[in-house]
Amino acid sequence: MKHKRYLALGAAAALAVSLTACAPSAPEPGESSSSTGPSDETLSIGTTTDVVNFNPVLGNSRTDSWITNLMYPHLLSISEDGTKEEHVATDWGYVDDTTGFYEIRDDLTWSDGEPLTAEDVAWTLNAVKRDQAPGTFYGQLGNLDTATAVSDTRVELTLTQPDSSIIDEIGFWGVVVPQHVFEPQGSIAEFANDGSDGGWVGMGPFILDDFQVGQHYTLKRVEDYPLVDGGVPGPAEVVYRVYPDVNTEILALQSGEIDVIANALPPAQVEQLSNSSGLQVIEAPGLGYAHLVYNMEKPDLAKTEVRQALAHAVDYEAIRTVVLQGQAVSTGSSALMPVLAKYYDDSVEEYEFDPEKARSLMEEAGYTADADGVFPISFRLIYSLQDSVTSQWAQLVKDTAAEAGITIELQGTERNTYLAMTNAGDYDIYAGNFAIMDDPVTNFALSYLPGGAINYTHVDDPELNALIEEGMVTFDEDEKISIMREANKIVHEQVYDNIMYTQNLFFAASDEWAGFISKPSELLSIVNPLSLASAHPVE
Amino acid sequence: MSRASFILSRSGRGLLTIWFAVTVTFLLLRLLPGDPALALASPNMTDEIRATILEQYGLDQPLLIQYGLCMWQLVQGNLGISFTQSIPVLDVLLQRLPWTLLLTVTALVLTIVIGIPLGVAAASFKGRFIDRAVQVLGVTGQSLFVPSVAILLLFVFGLNLGWFPIGGAYTNNTYGMDWYLSVAQHLVLPAVSLMLIQVGSYVLTMRSTLIETLSEDYILLAKANGLRGRRILWKHALRNALLPTTTLIGLQLGFLVGGAVLTETVFAYPGIGRGIYEAVTQLDFPVLQGAFLMLAVTVVVANTITDIVYGYLDPRVKTS
């Protein structure tokens with residue numbers, strides 16, 4: 001019997017040793033970052049996801065962008081009225097129809113002391129194009145042939161065809177990476193840039209110093225950052241902490257564990273947090289829209305009257321008031337949203353919610369309602385279940401369409417399935433939203449030209465195509481605005497897209513911090529590099 | 001059956017179970033609707049880029065070839081490369097494994113330490129107030145939903161009382177003993193929340209089997225022989241009553257790991273459970289396969305150990 005006990009004790013000891021070997025171990029001082037000075041504060045920011053990719057030309061998720069934007073500069077930024085404004089580039093535009101240019105600042109250096117020059121800009125553009133680095137940045141380079149540094153501060157871009165939007169779009173979406181660090185790594189599309197090869201080299205207000213997947217991403221202040229007033233960022237450190245559950249994230253803010261929540265608040269939380277002591281809620285204009293798209297490859301939806309009937313069967317005001325709790329603005333059922341102030345056309349009015357009008361349009365289209373007033377046709381509407389706001393208003397759309405005798409079947413799925421169905425055109429009606437539609441010409445080309453990547457209506461209207469193509473090669477701004485307004489009227493009249501609202505975004509922060517600079521969209525909001533560099537503790 | 005052949009037979013059955021789990025996981029993931037390439041690039045990528053991504057990860061191959069490659073890699077101890085993080089899956093999992101082990105082992109120990117004595121108390125005072133109270137607690141515990149319990153604990157003990165941190169596994173910039181204390185402090189609420197959803201089963205199982213055992217003839221004989229109640233309970237009844245509870249530990253381990261997915265997500269705890277949650281949202285097949293393999297191995301090993309321990313406690317099973 002005794003030997004059994006020894007055996008059991010031995011097994012228990014072996015298990016304990018193996019568990020100890022697997023147990024988390026304490027870091028040594030110096031292994032990870034610590035505050036650089038006792039008088040400087042750490043700004044802690046909550047996010048719901050980890051970084052997927054540290055390479056800024058590949059990064060797709062919001063957290064990727066929030067963190068890499070603090071280290072790798074964009075040439076341009078955006079103002080509250082949707083116009084592009086200078087950042088690293090001080091001047092930009094076109095030399096002729098197929099040549100664009102950027103003039104960049106001459107006082108910027110990478111964190112290893114090397115100067116940031118036009119060579120870095122040109123190399124980044126050419127490398128992303130050459131290696132087809134998958135992501136939004138590469139998507140903007142369709143008409144780029146080559147980029148050339150013609151001096152230390154000037155880059156010229158040769159285009160394969162005239163494109164009046166590409167300079168603004170590359171400037172806004174593209175980042176600049178240090179050629180001397182990235183080039184030796186081979187393909188820019190395959191470089192992980194995870195710091196395993198001696199850390200990171202960047203040019204921004206902060207530089208990544210240490211991270212623990214699932215826990216935190218710590219960025220240290222860069223002492224010389226000419227783009228912020230005073231030249232030195234406010235916080236000594238910025239730490240992103242990961243809370244996958246948004247409720248936990250809000251509790252962490254309320255308890256003081258974090259100072260800022262980077263993701264936009266769910267509409268239902270905005271008022272409650274606005275009234276919480278110790279917190280501030282900061283608004284940022286939305287730069288995108290929520291919309292319904294009717295698939296014209298379906299014979300019923302190819303009829304203009306049916307699309308118009310569906311457009312008149314939605315109670316837009318109720319959706320904005322009830323679901324969005326008043327935190328959304330009407331775009332006038334227009335793809336030229338009010339936030340794009342120069343392009344916005346207030347003569348285009350929102351589709352009126354009018355079930356009777358919807359009924360008569362359905363009759364005009366050749367459908368006859370049964371004794372219960374229901375038309376013998378139904379449409380399948382897809383949406384992502386992960387998008388809680390759309391999930392709520394999809395139900396309202398179904399209910400109000402029923403008032404007009406139109407049957408809508410809801411098909412909510414998890415996001416990946418929804419994206420796959422969208423790509424395959426497997427829907428009658430698509431409900432969704434785009435986060436950033438910053439450039440009207442690019443937006444129209446992608447949404448309404450045949451073969452456009454997000455042409456979910458599958459529209460091919462020769463008149464509209466001609467206007468969009470004309471907009472793409474018109475460099476005079478006033479003329480371009482006039483063309484796009486004309487195109488927008490066609491989209492509106494034909495219901496090629498039913499734009500429902502632009503959601504304004506609200507961000508929560510501790511009132512012990514001030515100085516945030518809010519910019520449009522969730523991507524920039526109050527965690528854009530200039531904002532975090534300007535943030536400072538309240539005295 | 002000799003002890004060696006008994007262990008060998010249980011281990012062989014365990015290996016078969018692991019192979020089956022891996023195969024089912026592989027097939028289930030491939031049957032999922034959705035496109036993993038979409039998780040790697042923007043949804044408006046060109047077909048060319050999508051094709052490149054699928055080719056890069058072997059997703060353009062026929063299912064049988066993908067399965068063959070997957071099994072060949074596993075035999076070589078290679079779990080593949082994460083789609084989204086572009087690093088070996090083993091590294092992804094090993095970063096997270098210690099935290100999940102710490103959490104689940106702590107929760108299991110808490111569950112046993114609290115559940116078994118409560119069950120014994122209920123059985124000892126059968127029909128009395130303590131018994132009824134313990135039963136109510138046991139049934140309530142079984143019906144708890146992890147995220148609700150977790151948020152409630154966070155709200156009360158994290159936000160209002162401020163006794164415990166809200167999320168994470170430790171406080172940044174802590175070292176040495178402070179770090180261990182910080183880890184312990186961050187562990188309490190997630191472990192308690194996992195314990196709360198498990199403990200009910202242990203209490204009720206222990207109670208019912210102990211009541212049954214106490215009515216066995218040999219216990220009555222012991223009583224007739226004048227043995228004292230406490231000695232009968234601890235020396236004779238408990239060892240037999242522990243048998244179903246031992247089985248329960250093995251069976252519940254799977255549920256414990258399942259509970260960890262939700263617990264780790266709510267408490268922002270950086271373990272494998274949360275990794276699974278993130279990999280599902282990103283359709284990161286290799287990470288999911290690796291994680292499920294690791295969990296299958298854990299559960300199978302635990303069950304095999306349970307079988308062996310059961311055999312030690314009740315030698316009849318070795319011959320059955």
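As the structure is a prediction and not an experimental result, all values here were calculated from the model.

A. Seen up close, the overall build of chain A. From N to C terminus, chain A includes 17 helices and 21 strands. The globule rule puts the C-alpha radius of gyration for 539 residues at 24 Å, and the 26 Å found for chain A is close to it. For chain A, the spread of C-alpha atoms along the three principal axes comes to 85 × 80 × 50 Å. The 539 residues of chain A split such that 58% are buried. Across chain A, contacts joining residues at least 24 apart in sequence account for 69% of those joining residues at least 6 apart. Looking at chain A as shown, the accessible area adds up to about 20,700 Å², and 48% of this sits on carbon and sulfur atoms. Charge centroids of chain A, computed over 26 positive and 84 negative side chains, lie 8 Å from each other.

B. View of the confidence of the model for chain A. Residue and element names in this part refer to chain A. Model confidence for chain A is summarised by a mean pLDDT of 90, while 93% of its residues fall at 70 or above. Low pLDDT (under 50) marks residues 1-20, which in the prediction has six contacts with non-local residues, meaning those over four places away or in another chain. Across residues 30-39, confidence stays below pLDDT 50; counting only partners more than four residues off in sequence or on other chains, it has 23 contacts.

C. Quick look at the confidence of the model for chain B. Per-residue pLDDT for chain B averages 82, and the proportion of residues at 70 or more is 89%. Confidence metrics for the complex model read pTM 0.84 and ipTM 0.78.

D. Geometry of the pattern of salt bridges. Residues and elements named next belong to chain A. The tally for this structure, following the rule as stated, stands at 21 salt bridges over all chains. Its salt-bridge partner being Asp 131, residue Arg 130 comes within 2.8 Å of it at the nearest N-O pair. Under the relative-accessibility criterion, Arg 130 is labelled exposed at 53%. One salt bridge in this structure joins Asp 426 and Arg 380, with 2.7 Å as the shortest N-O distance. Remark: Arg 380 occurs in strand 15 (residues 378-384) and Asp 426 occurs in the loop between helix 13 (415-424) and strand 17 (429-434); sequence separation between them is 46 residues. Given a relative accessible area of 34%, Asp 426 falls into the partly exposed group.

E. A look at the side chain of B:Ser182. All names here are of chain B. Among the secondary structure elements, Ser 182 is positioned in helix 8 (residues 176-214). Accessibility expressed as a relative area gives 5% for Ser 182, which makes it buried. Beyond its immediate sequence surroundings of up to four residues, Ser 182 is in contact with Ala 169, Tyr 170, Thr 171 and Thr 174.

F. Spotlight on the nonpolar core. All names here are of chain A. Counting 77 residues, the largest nonpolar core has Leu 157, Tyr 240, Phe 516 and Leu 532 as the members making the most contacts within it. Counting residues per element, this core draws most heavily on helix 3 (residues 118-131), which supplies seven residues. Ranked by size, the runner-up nonpolar core spans 44 residues in total, among them Met 296, Ala 335, Leu 336 and Tyr 343.

G. Local environment of the environment of A:Gly199. Looking at the element boundaries, A:Gly199 is found in the loop between helix 6 (179-182) and strand 8 (206-212). For A:Gly199, a relative accessible area of 30% gives the class partly exposed.

H. Just helix 8 (residues 267-274) of chain A, in detail. Residues and elements named next belong to chain A. Of all the positions in helix 8, only Pro 267, Gln 269, Val 270 and Leu 273 are classed as buried. Down the axis, helix 8 shows its buried residues gathered within 145° of arc, on one side only. Turned more than 90 degrees away from the buried face of helix 8, the exposed residues are Ala 268 and Glu 271.

I. The arrangement of a negative patch on the surface in detail. All names here are of chain A. A grouping of Glu 463, Glu 470, Asp 476, Asp 478, Glu 479, Glu 486 and Glu 493 is seen on the molecular surface, where their side chains present a negatively charged patch. Elements that contribute at least two residues to the negative patch include exactly helix 15 (462-472) and helix 16 (477-494). Counting residues per element, the negative patch draws most heavily on helix 16, which supplies four residues. Residue classification places Glu 463 among the exposed positions, given a relative accessible area of 51%.

J. Inspection of the packing of aromatic side chains at higher detail. All names here are of chain A. Counted according to the given criterion, the structure contains 23 aromatic pairs over all chains. Centroid distance Phe 54 to Phe 211: 4.8 Å. Interplanar angle 50°. Geometry classified as tilted. Residue Phe 54 is found in the loop between strand 1 (42-47) and helix 2 (62-68), and its partner Phe 211 is found in strand 8; the two are separated by 157 residues along the sequence. Taking the relative accessible area as the measure of exposure, Phe 54 reaches 8% and is therefore buried. The residue whose ring lies beneath Lys 84 is Phe 172, and the NZ or CZ to ring-centre distance is 5.3 Å. It is Arg 154 that lies over the ring of Phe 101; its NZ or CZ is 4.3 Å from the centre.

K. Highlighting the sheet that holds strand 13 (residues 289-294) of chain A. Residues and elements named next belong to chain A. Taken in spatial order, the six strands line up as 14-18-13-17-15-16 in an open sheet, and their pairing is mixed. Both edges of this open sheet fall to strand 14 (328-329) and strand 16 (407-413), since each of them pairs with a single strand only. Bridge count between strand 15 and strand 17: two bridges; the pairing is parallel. In the sheet register, Ile 382 faces strand 17, and the bridge partner there is Tyr 430.

L. Expanded view of the packing of helix 9 (residues 304-311) of chain A against helix 11 (residues 355-364) of chain A. Residues and elements named next belong to chain A. Interaxial distance between helix 9 and helix 11 falls to 8 Å at its minimum, and their mutual angle equals 165°. Considering the angle they form, helix 9 stands roughly antiparallel to helix 11. Here the hand of the crossing between helix 9 and helix 11 comes out left-handed. On the side of helix 9, the interface is formed by Glu 305, Val 306, Gln 308 and Ala 309, while helix 11 contributes Ala 358, Leu 361, Met 362 and Glu 364. Of the residues in the contact of helix 9 with helix 11, the class split is five nonpolar, one polar and two charged.

Thresholds applied
In this convention, every chain numbers its residues from 1, walking through the sequence in written order. Chains carry letters and ligands carry numbers; both start at the beginning, A for chains and 1 for ligands, and go up in the order they are written. The model is predicted, so local features are restricted to residues of pLDDT at least 70 and side-chain atom pairs to those at 80 or more, both for listing and for counting; the totals for chains, interfaces and linings are taken over all residues. Water and hydrogen atoms were dropped before computing side-chain values, which therefore reflect all heavy atoms in the structure. Numbered from the N terminus, helices here are DSSP runs of H or I no shorter than four residues, and strands are runs of E no shorter than two. For this measure, only C-alpha atoms enter the radius of gyration; the expected value for a globule follows 2.2 Å times N^0.38, where N is the number of residues. The rule is simple: take the accessible area with a 1.4 Å probe, protein chains only, and divide by the maximum for that residue type; under 20% is buried, over 50% is exposed, in between is partly exposed. Contacts between residues were defined by any pair of non-hydrogen atoms, one from each residue, lying within 4.5 Å. Per-residue accessibility takes into account occlusion by the displayed protein chains alone, with areas from the Shrake-Rupley method and a 1.4 Å probe. Here Asp and Glu are counted as negative and Lys and Arg as positive; His is not counted, and neither are the chain ends. For the purpose of locating charges, the reference atoms are NZ of Lys, CZ of Arg, CG of Asp and CD of Glu. The predictor reports its confidence for every residue as pLDDT, a score running from 0 up to 100. Salt bridges are identified by distance alone: a Lys or Arg side-chain nitrogen within 4 Å of an Asp or Glu carboxyl oxygen. Only buried residues count toward a nonpolar core, which is a set of Ala, Val, Leu, Ile, Met, Phe, Trp, Tyr and Cys residues joined through side-chain atoms within 4.5 Å. This arc describes the spread of directions from the helix axis toward the C-beta atoms. The patches described consist of residues with a relative accessible area above 30% and no salt bridge, like charges being joined within 9 Å and nonpolar side chains (Val, Leu, Ile, Met, Phe, Trp, Tyr) within 5 Å. Centres within 6.5 Å make a pair out of two Phe, Tyr or Trp rings, where for Trp the six-membered ring is used; the pair is then stacked when the planes are under 30 degrees apart, edge-to-face when over 60, and tilted otherwise. For a Lys NZ or an Arg CZ to count as sitting over a ring, it must be within 6 Å of the ring centre and within 35 degrees of the ring normal. When DSSP finds two or more bridges between a pair of strands, those strands are recorded as paired. Inter-axis angles, ranging from 0 to 180 degrees, are taken between N-to-C directions of lines fitted to C-alpha atoms, where helices are fitted over the stretch in contact. Angle categories are assigned with fixed cut-offs, so that under 35 degrees is roughly parallel, over 145 is roughly antiparallel, 65 to 115 is roughly perpendicular, and the rest are oblique. Handedness of each helix crossing follows the sense of rotation of the near helix against the far helix: counterclockwise by less than a right angle gives left-handed, clockwise gives right-handed. Residues are grouped as follows: nonpolar covers Ala, Val, Leu, Ile, Met, Phe, Trp, Tyr, Cys and Pro; charged covers Asp, Glu, Lys and Arg; every other residue, Gly included, is treated as polar.

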